Amino acid sequence: RAKASGKAQFARYSHDLSSQAQRQLAMQSDLYQALEQGEFDLHFQPIFRIGDEAPHMVGFESLLRWPHGQRQMIPTEFIPSLEESGLIVPVGEWVLRESCRQARAWQLSGHPRLYCSVNLSSRQLQQPEFASRLAGILRQTGLAPASLILEITERLLMQNSPETQANLSKLASLGVRLALDDFGTGYCSLGYLSRFPLHILKVDRSFIGGATHQPELTAISRAIIGLGHDLGLEVIAEGVEEEAQLAFLREEGCRLAQGFWLSHPLTAADMQQLLQQPNGEPARAPRFHAGSA
Ligand code: C2E
Ligand code: MG
Ligand code: MG
Ligand code: MG
């Protein structure tokens, strides 16, 4: 009896596997088509300087979007598929080109120092020609290398591939800045922070989310901010959802932040509108001023 049910379970399992593999294949062919037909889109999440006065937009993070049938697929659903199929290389290049083009257009419309932050996958940095292709994109779009930040993950640093190493040092000599994304969630040993040409630490939102009411997360957030600053890095807090978190960050001397409390990721049109407000503040969000009074 036990044997029979074990067999039934195995049958169900292998059935799930093959239907999962089928879904995976179908998704990859949809993604290929999306690339061919220009279906991908970008949203832009403003990054703010949070001084004593009202927050001031200084840059944005580009976030990939795929409008898929009735709903918008979120990146965590389709980026693994892009990575597995290798499509992340051409899609990532599209993200870079479109982000640089858009950033330059906004700079020319009266925001000359606005910077642009783009997420990279390890597959992209393993391409030996990545840095030179990026240099080409910067030339063609007219964006200065200093206006571009590339976000990489701890996992990527730990892969230690010679191609990645070569690309990272070429990027640094171009003058492009590197940010370590979701810092504290990977398995990176702290020594890596000194071994790579990093400029920015992004404190993961899982820490910021509890920083004002969970003593352990307060301690971790505070330690990451201090570590970043002591290493001479800029620190950006991610996922600021409440005013109290903004107050905490100010107290800890963290000068840069992004998150739903400040602004959700925006379409290009909404971003354009926001840039026309003084300080890049959404007119509809008086809460902005509350914390700075
Ligand atoms: P990430 O780089 O850590 O991006 C921040 C994510 O947090 C975004 O999710 C953003 O919408 C979300 N977020 C921002 N503020 C808040 C907040 O206050 N609360 C909460 N709960 N969430 C907030 P999104 O757009 O779904 O992106 C998820 C991840 O997908 C990104 O995490 C990044 O790792 C990856 N990703 C997005 N676009 C690209 C891309 O073009 N290339 C690559 N390789 N990865 C990308
Ligand atoms: Mg990111
Ligand atoms: Mg992040
Ligand atoms: Mg994240």
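Just so we're clear, the structure is a prediction, and the values are computed from it rather than from any experiment.

### With respect to the nonpolar core
The nonpolar side chains of a soluble globular protein tend to be buried, and buried together.
Consideration 1: Counting residues in each nonpolar core, the largest one holds 73 residues, and the members touching the most others are Leu148, Leu150 and Leu249.
Consideration 2: Excluding residues within four positions of it along the chain, Leu249 makes contact with Ile50, Ile208, Ile225, Ala237, Val240, Cys254 and Ala257.
Consideration 3: Counting residues in each nonpolar core, the second largest holds 8 residues, with Ile47, Tyr115, Ile200 and Leu256 among its members.

### Details of the packing of helix H5 (residues 130–141) against helix H7 (residues 162–174)
Consideration 1: Packing of H5 against H7 brings their axes to within 8 Å, and their N-to-C directions diverge by 30 degrees. One element, H5, and the other, H7, form an angle in the roughly parallel class. Counted together, Phe130, Ala131, Leu134 and Ala135 of H5 and Asn167, Lys170, Leu171 and Leu174 of H7 form the full contact between these two elements.
Consideration 2: Tallied by class, residues from the contact of H5 with H7 come to 6 nonpolar, 1 polar and 1 charged.

### Brief notes about the pattern of salt bridges
Consideration 1: In the structure shown here, the tally under the stated rule is 6 salt bridges.
Consideration 2: Between Glu93 and Arg97 there is a salt bridge whose closest N-O contact spans 3.7 Å. With Glu93 and Arg97 both in helix H3 (residues 88–108) and 4 residues apart, this pair spans about one turn of that helix.
Consideration 3: Among the residues examined, Arg97 registers a relative accessible area of 32% and is labelled partly exposed.
Consideration 4: A salt bridge links Arg101 to Glu98; the nearest nitrogen and oxygen atoms lie 2.7 Å apart. Taken together, the residues span about one helical turn, with Arg101 and Glu98 both in helix H3 at a distance of 3 residues.
Consideration 5: The network of salt bridges with common partners includes Glu61, Glu151 and Lys202.

Conventions and cut-offs
Residues numbered from 1 in each chain as written. Chains lettered and ligands numbered in written order. Predicted model: local features only at pLDDT ≥ 70, side-chain atom pairs only at ≥ 80, totals over all residues. Heavy atoms only, no water. Core = buried A, V, L, I, M, F, W, Y, C linked by side-chain atoms within 4.5 Å. Buried < 20%, exposed > 50% of the residue type's maximum accessible area, 1.4 Å probe, protein only. Contact = heavy atoms within 4.5 Å. Axes fitted to C-alpha atoms, helices over the stretch in contact; angles between N-to-C directions. Helix = DSSP H or I, 4+ residues; strand = E, 2+ residues; numbered from the N terminus. Parallel < 35°, antiparallel > 145°, perpendicular 65-115°, else oblique. Nonpolar A, V, L, I, M, F, W, Y, C, P; charged D, E, K, R; others polar. Salt bridge = Lys/Arg side-chain N within 4 Å of Asp/Glu carboxyl O.

Keep in mind these values describe shape, not function.
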